[in-house]
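# Descriptive structure summary
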Amino acid sequence: MWAFESISRNLLSKSLHYPFRSQMNIPFLSDPNVLSVLACVFYSGSSLLMTFVNKMLLSSSNVQVPLLLCLYQSLFTVVALGLGSAIGRLELPVLERRVLLRWAPVNVLFLTMMVSANYALQSVAVPMFTVVKNSAIVLVAIGDAVLFKQLLSPVLLLSMGLMVLGSLISASNDLEFSPIAYFFLGINVLVSSAYVLYLRSVVKSLPLSEIAMVYLNNLLSLVPLVPALYLSGELMRVHQAWLASDVVPARLIWLWLASGVLSLVIALATFWTVRLTSPTTFSFMGALNKIPLTILSFLVFRTPINGAGLASIVVGLSGGMLYSYEKNRIFKAAAASTLEMGSNGKKATTV
């Protein structure tokens, strides 16, 4: 038994099926439809705010802190969930060696996804970041077809082509193009796709709750982030900037606090939305979320853009919407077919 495992057994107890255990008896919150809507609202709102807050933190200072931001967000989440467990408001599962070894690849992908996104956001404008990220949907769909034998309809292929075209136009016409930033964005797209595909198989084989997944991801992320932060020299640069400044702006303090809170909220909201709705609904919400995110980014960050850049955003977002629409249609058709087969089976049994 590892020392870490014995410590975990003292800190953690049995698994939960819900993110929070509430003693309140509110009738309308018992409605699954209401809970699904609330989950989608929390996910969409926290995802939109998280992108803006991270972009502001990574572009508002001369000191670049992508690793420090990842470490802070993971540490904030772990401490918050640990406090919730300590006061009896949350229950977390026991962590065993088998679970840690099975989850390790997920954590590597999760950590790479976080770090690459922060490095990309330092220089890539939010609209361009949003459009290129759509390419991850294409890779996931191809992975589904190859690994899980899911068929791709002509409409899905068309939508995927639009998303790839939008990404290519976006990168080639970005007025603030940075090869290094787009390298990290490309890594982020690849790793995000692998994360979704691998997570699907792991979740089925490990009985972990939403909180368990969030806690495990962020706890294991601290192990490589601490030495990486030291070796990168980020910590020294932050310390020197701290000594050189007379006062820390209140706006910066609030942004860091908001970043920590949102990192916890979006992590819980992601798994909560997937559990209460479906992967198709989750994908549809992600596509819808890109529209206000793109529009607001122009207003907040005053992003310079030309006609080709604007066209890439329209093409990319249209492809994302078309993809979500077609996936929703396929999902409903499959559900109706299953229901019809079940009804026919019952009739046949009765006769």
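First, a word on scope: everything that follows refers to the structure included in this document. (Residues numbered from 1 in each chain as written. Predicted model: local features only at pLDDT ≥ 70, side-chain atom pairs only at ≥ 80, totals over all residues. Heavy atoms only, no water.)

Each helix and strand counted, the protein has 13 helices and 0 strands in total. Along the chain direction, N to C, the helices and strands of the protein fall in the order α-α-α-α-α-α-α-α-α-α-α-α-α. A buried classification covers 44% of the 351 residues belonging to the protein. Counting contacts in the protein only where the partners sit at least 6 residues apart, residues at least 24 apart contribute 90% of the total. In the form shown here, the protein has an accessible surface area of approximately 18300 Å², with 72% of it arising from carbon and sulfur atoms. (Helix = DSSP H or I, 4+ residues; strand = E, 2+ residues; numbered from the N terminus. Buried < 20%, exposed > 50% of the residue type's maximum accessible area, 1.4 Å probe, protein only. Contact = heavy atoms within 4.5 Å. Areas by Shrake-Rupley, 256 points an atom, 1.4 Å probe, with all protein chains shown as cover.)

To continue, consider the packing of helix H4 (residues 97-121) against helix H9 (residues 210-232). Taken N-terminus to C-terminus, the directions of H4 and H9 make an angle of 70°; their axes are 9 Å apart at the nearest point. Classified by the angle their axes make, H4 and H9 are roughly perpendicular. Counted together, Val99, Leu100, Trp103, Val106, Asn107, Phe110, Leu111 and Val115 of H4 and Met213, Leu216, Asn217, Asn218, Leu220, Ser221, Pro224 and Leu225 of H9 form the full contact between these two elements. A breakdown of the residues in the contact of H4 with H9 according to their chemical character gives 12 nonpolar, 4 polar and no charged. (Axes fitted to C-alpha atoms, helices over the stretch in contact; angles between N-to-C directions. Parallel < 35°, antiparallel > 145°, perpendicular 65-115°, else oblique. Nonpolar A, V, L, I, M, F, W, Y, C, P; charged D, E, K, R; others polar.)

In a regular helix each residue adds 1.5 Å, so 23 residues correspond to 33 Å; H9 covers 32 Å between its end C-alpha atoms and thus fits that length. Maximum bend of H9: about 35°, positioned at Val223, with proline Pro224 one to four residues after it. Residue Gly233 follows H9 closely and has a positive phi angle near 85°. (Expected span 1.5 Å × (residues − 1). Bend = angle between axes of the 7 residues up to and from the residue.)

Contact geometry of helix H3 (residues 66-86) with H9 gives a least axis separation of 8 Å together with a crossing angle of 140°. Considering their axes alone, H3 and H9 lie oblique with respect to each other. Relative to H9, H3 is oriented so that their crossing is left-handed. Of H9, the residues touching H3 (which contributes Leu67, Leu68, Cys70, Leu71, Gln73, Ser74, Leu75, Thr77, Val78, Leu81 and Gly82) are Ile211, Val214, Tyr215, Asn218, Leu219, Ser221, Leu222, Leu225, Val226, Ala228, Leu229 and Ser232. Looking at the contact of H3 with H9 residue by residue, the classes come out as 16 nonpolar, 7 polar and no charged. (Left-handed = near helix turned anticlockwise from the far one by under 90°.)

Throughout the structure, instances matching the rule amount to 5 aromatic pairs. Between Phe110 and Tyr195 the ring centres are 6.2 Å apart and the planes differ by 40°, which places this aromatic pair in the tilted class. In this pair, Phe110 is assigned in helix H4 and Tyr195 in helix H8 (residues 179-205), connecting sequence segments 85 residues apart. Tyr195 shares its class with Phe110; the two are buried. (Phe/Tyr/Trp six-rings, centres within 6.5 Å; stacked < 30°, edge-to-face > 60°.)

What follows covers a nonpolar patch on the surface. Together, Leu139, Ile142, Val146, Leu147, Phe148 and Leu190 make up an exposed nonpolar region whose accessible area comes to about 520 Å². Looking at which element gives the most residues to the nonpolar patch, the answer is helix H6 (residues 135-147), with 4 residues. Within the element layout of this structure, Val146 appears in helix H6. When its relative accessible area of 54% is taken as the criterion, Val146 is described as exposed. (Patch = residues over 30% accessible without salt bridge, like charges linked within 9 Å, V, L, I, M, F, W, Y side chains within 5 Å. Salt bridge = Lys/Arg side-chain N within 4 Å of Asp/Glu carboxyl O.)

Further remarks concern the environment of Trp256. Of note, Trp256 is situated in helix H11 (residues 250-276). In this structure, the C-alpha to C-alpha distance between Trp256 and Tyr72, residues 184 residues apart in sequence, is 8.7 Å. With residues near it in sequence (within four places) discarded, Trp256 still touches Leu57, Val65, Leu68, Leu69 and Tyr72.

The subject of this paragraph is the side chain of Ser159. Of note, Ser159 is situated in helix H7 (residues 154-172). Ser159 has contacts with Gly319, Leu322 and Tyr323, leaving out every residue within four places of it along the chain.

Quick look at H4 now. The end-to-end C-alpha separation of H4 is 35 Å, in line with the 36 Å expected for 25 residues at 1.5 Å each. Where H4 bends most, at Ala104, the angle is about 40°, and the proline Pro105 comes one to four residues later.

Before going further, it helps to examine the nonpolar core. In this structure, Trp103, Leu208 and Leu216 are the most contacted members of the largest nonpolar core, which totals 67 residues. Put simply, the parts of the chain that give this core at least two residues each are helix H2 (32-59), H3, H4, helix H5 (126-133), H8, H9 and H11. Among the elements that make up this core, the one with the highest residue count is H4 (13 residues). Here Trp103 is in contact with Leu199, Val202, Leu206, Leu208, Met213, Leu216, Asn217 and Leu220, once residues within four sequence places are set aside. (Core = buried A, V, L, I, M, F, W, Y, C linked by side-chain atoms within 4.5 Å.)

Everything listed here is a matter of geometry and, on its own, says nothing about what the molecule does.
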